Amino acid sequence: MRKRTLFRLAAGTATVGAATLAYASLIERNMFTLRRYDVPVLPADAEPLRVLHLSDLHMMPDQARKQRWVASLAALDPDLVVVTGDNMAHPEAVPGVLRALQPLLDFPGAFVFGSNDYTGPVLKNPFTYFLPDREYTEGVELPYEELRQVFTGAGWADLNNARTMLKAGGRQLDLVGVDDPHIDRDDYPSVAGPVSSSADLSIALAHSPEPRVLDQMAADSFGLLLAGHTHGGQVCVPGYGALVTNCGLPRSMARGLHRWPGSDSWLHVSAGLGTHPTAPVRFACPPEASILTLIPR
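Residues numbered from 1 in each chain as written. Predicted model: local features only at pLDDT ≥ 70, side-chain atom pairs only at ≥ 80, totals over all residues. Heavy atoms only, no water.

Points about the packing of aromatic side chains
By the definition in use, this model includes six aromatic pairs. An aromatic cluster is built from Phe111, Phe113, Tyr118, Tyr144, Phe151 and Trp156, whose rings are joined through pairwise contacts. Lying over the aromatic face of tyrosine 118, arginine 185 brings its terminal NZ or CZ to 3.8 Å of the ring centre. (Phe/Tyr/Trp six-rings, centres within 6.5 Å; stacked < 30°, edge-to-face > 60°. Lys NZ or Arg CZ within 6 Å of the ring centre and 35° of its normal.)

Listed below in structure tokens is the structure:
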């Protein structure tokens, strides 16, 4: 009788595990979701400004559903589009990224790259994400310069260790960004400095939301900090949240809008729209894009 009970428990656990994996890999990772946030960063009496934040597409050439969904976001008519990296997951992904983003290239935009814009993914043990000092392994080189030319050719600002003034929604924006801190390509000191007095709004970009970089951006009084990379944890526990962020950011800030500690800046971390191709699952953390409505403080 005892053996029978143990067998039933094991069989039940295996069934639940298989069903959960099927849901995470076949259903939730394709449940593309639009998040909406109001962010109080504008001066009093200013008109709202709408920012579409996209991140971590990890595009494969055949992901037509994702491409169509992202392209449909042009109907939101944003004032500014911001892309915070990891657009590709395959050497032939640029046409797919272009199919997704082409309708959005008509709007003012800015971007930074992530590690998976430079090199492709490699097979890895997912439990290594719990090791803070694990060695980073590069995959095949990706056509990042081709992607850069697509973005800049449409007039988008390349903010990889760069800074610029850009007009969007009738406002002057002071924009700054760094190349991916996750692989130590960032050089914020080369673009650091207080926000321009002529700017109506200031926004700072990074792929990986490393606190050492965000602290410097907030110290320069950039009002809105935008990042991705974490996938929101990708696999979360209901009621507990993300298990890991894959960077120095606390788990409690793995996705969504948060006030950056010790400053007047706001941080928005996108949970992203894709997954690592060797771990195509999401649980309690659907893929997302965000529309941020910037409003008076």
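What to know about the pattern of salt bridges
If you walk through the whole model with that rule in mind, you get seven salt bridges. Close ionic contact of arginine 212 with aspartate 184 constitutes a salt bridge, the shortest N to O distance being 3.6 Å. Here the residue arginine 212 occupies a position in helix H6 (residues 211-219), and aspartate 184 occupies one in the loop between strand S7 (171-177) and strand S8 (201-205), the gap between them amounting to 28 residues. Of the residues examined, arginine 212 reaches a relative accessible area of 41% and is grouped as partly exposed. (Salt bridge = Lys/Arg side-chain N within 4 Å of Asp/Glu carboxyl O. Helix = DSSP H or I, 4+ residues; strand = E, 2+ residues; numbered from the N terminus. Buried < 20%, exposed > 50% of the residue type's maximum accessible area, 1.4 Å probe, protein only.)

Structural notes on the sheet that holds S8
The strands making up a sheet associate through backbone hydrogen bonding, with each pair oriented either parallel or antiparallel. Spatially, six strands are ordered S6-S7-S8-S9-S13-S12 in an open sheet, and the strand pairing comes out mixed. The two strands at the open ends of the sheet, each matched to only one other strand, are strand S6 (162-168) and strand S12 (256-259). On average, each strand axis in the sheet is tilted by 25° relative to the strand beside it, whichever way the strands run. For S8 and strand S9 (residues 224-227), the ladder comprises three bridges, and the chain directions are parallel. Counted as the bridge partner of alanine 204 is leucine 225 from S9. (Pairing = 2+ DSSP bridges. Axes fitted to C-alpha atoms, helices over the stretch in contact; angles between N-to-C directions.)

Describing the environment of arginine 259
Turning to its location among the elements, arginine 259 is positioned in strand S12. Residue arginine 259 is classed as partly exposed on the basis of its relative accessible area, which comes to 39%. Along the backbone, arginine 259 and leucine 225 are 34 residues apart, and their C-alpha atoms lie at a distance of 9.7 Å. Each residue touching arginine 259, except ones within four places of it in the same chain, is listed here: Met253, Asp264, Ser265 and Trp266. (Contact = heavy atoms within 4.5 Å.)

Some points on the sheet that holds strand S2 (residues 49-54)
Read from one edge of the open sheet, six strands run S1-S14-S2-S3-S4-S5, paired in mixed fashion. Every interior strand has two partners, whereas the edge strands, strand S1 (33-42) and strand S5 (157-158), have only one. As paired strands, S2 and strand S3 (residues 80-83) are joined by four bridges and run parallel to one another. Residue pairing in the sheet places leucine 54 in a bridge with valine 83 of S3.

Focus: helix H5 (residues 144-153)
Owing to its 3.6 residues per turn, the α-helix brings residues three or four apart onto one side. Burial in H5 covers these residues: Leu147, Arg148 and Phe151. Seen end-on, H5 carries its buried residues on one side only, within an arc spanning 105°. Among the exposed residues of H5, those oriented more than 90 degrees off its buried face are Gln149 and Gly153. Each element contacted by the buried residues of H5 is listed here: helix H3 (94-101), strand S4 (109-111), helix H4 (115-118) and S5. The first or second residue beyond H5 is glycine 155, which carries a positive phi of 95°. (Arc of directions from axis to C-beta.)

Topic: unusual backbone geometry
Positive phi is not limited to glycine here, since aspartate 184 has a value of about 60°. Taking the relative accessible area as the measure of exposure, aspartate 184 reaches 62% and is therefore exposed. The phi torsion at asparagine 246 lies on the positive side, around 60°, for a residue other than glycine. Assignment of secondary structure puts asparagine 246 in the loop between strand S11 (241-242) and S12.

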